[in-house]
Amino acid sequence: MLYRFKSKASGDVVMLQPNGKQLLEILGKDPAGPGIILPEQIPAAIKTLQDAVFEDEAELQREIQEALARGEDTPDPDRITLRVRVAPFIDLLQHSLREHTEIVWGV
């Protein structure tokens, strides 16, 4: 399954199901059905995603430090981070904010 996020301000952003579901859960949206982010909700959505990226990166650093302290292998440094996965969606949010248009999915 794919999530297709649409906005009149930009091209569609398509995500695989696990990534799209995680993104929607971070935003407090129901991943099971169609949805919308209104223009007035976009600044809060951007902030929420940026905060989640910060938390994800801090957690990775904690995991690395703990693994090093135990003398174990560190987490895969080449893993695809939340920052990378949500970057296209944040771009879509920013374009939509400039154009004052909503983002929809599942319609």
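These figures come from a predicted structure and were not determined experimentally.

(A) Seen up close, the sheet that holds strand 4 (residues 103-105). Strand order in the open sheet formed by four strands is 2-1-4-3, with antiparallel pairing between adjacent strands. This sheet does not close on itself; its edge strands, each paired only once, are strand 2 (10-16) and strand 3 (35-37). The average angle at which neighbouring strand axes cross in this sheet is 20 degrees, direction not considered. As judged from the three bridges shared by strand 3 and strand 4, these two strands associate in the antiparallel manner. If you follow G35 over to strand 4, its bridge partner there is W105. Helix 3 (residues 82-99) contacts strand 1 (2-7), strand 2, strand 3 and strand 4 of the sheet and is inclined by roughly 150 degrees relative to strand 2.

(B) Region of interest: the pattern of salt bridges. Applying the stated rule across the entire model yields seven salt bridges. Residue R79 pairs with D56 through a salt bridge whose shortest N-O separation is 3.6 Å. Here R79 is found in the loop between helix 2 (42-70) and helix 3, whereas its partner D56 is found in helix 2, with 23 residues between them in sequence. Accessibility expressed as a relative area gives 31% for R79, which makes it partly exposed.

(C) Representation of the packing of helix 2 against helix 3. Close contact between helix 2 and helix 3 brings their axes to 10 Å; oriented N to C, the two are set at 165 degrees. Between helix 2 and helix 3, the angle falls in the class roughly antiparallel. Crossing hand, helix 2 versus helix 3: left-handed. Facing helix 2, whose interface residues are I42, P43, A45, I46, L49, A52, V53, D56 and E57, helix 3 presents L82, R83, V86, F89, I90, L93, Q94, S96 and L97. Taken together, the residues of the contact of helix 2 with helix 3 break down into 13 nonpolar, two polar and three charged.

(D) How the structure looks around a nonpolar patch on the surface. There is a patch of nonpolar side chains on the surface, built from L2, V14 and L16 and spanning about 280 Å² of accessible area. As for its position among the elements, L2 is in strand 1.

(E) Main features of helix 1 (residues 17-26). When we look at burial in helix 1, the residues that qualify are G20, L23 and L24. The arc that holds the buried residues of helix 1, viewed along the axis, is 95 degrees, so those residues lie on one side. Trailing helix 1 by a residue or two, G28 shows a phi angle of about 75 degrees, which is positive.

(F) Spatial organisation of the nonpolar core. Ranked by size, the top nonpolar core spans 22 residues in total, and within it F5, L23, I37, L49, F89 and L93 carry the most contacts. For this core, the elements supplying multiple residues, two or more each, are strand 1, strand 2, helix 1, helix 2, helix 3 and strand 4.

Quick notes on the rules
Residues numbered from 1 in each chain as written. Predicted model: local features only at pLDDT ≥ 70, side-chain atom pairs only at ≥ 80, totals over all residues. Heavy atoms only, no water. Pairing = 2+ DSSP bridges. Helix = DSSP H or I, 4+ residues; strand = E, 2+ residues; numbered from the N terminus. Axes fitted to C-alpha atoms, helices over the stretch in contact; angles between N-to-C directions. Contact = heavy atoms within 4.5 Å. Salt bridge = Lys/Arg side-chain N within 4 Å of Asp/Glu carboxyl O. Buried < 20%, exposed > 50% of the residue type's maximum accessible area, 1.4 Å probe, protein only. Parallel < 35°, antiparallel > 145°, perpendicular 65-115°, else oblique. Left-handed = near helix turned anticlockwise from the far one by under 90°. Nonpolar A, V, L, I, M, F, W, Y, C, P; charged D, E, K, R; others polar. Patch = residues over 30% accessible without salt bridge, like charges linked within 9 Å, V, L, I, M, F, W, Y side chains within 5 Å. Areas by Shrake-Rupley, 256 points an atom, 1.4 Å probe, with all protein chains shown as cover. Arc of directions from axis to C-beta. Core = buried A, V, L, I, M, F, W, Y, C linked by side-chain atoms within 4.5 Å.

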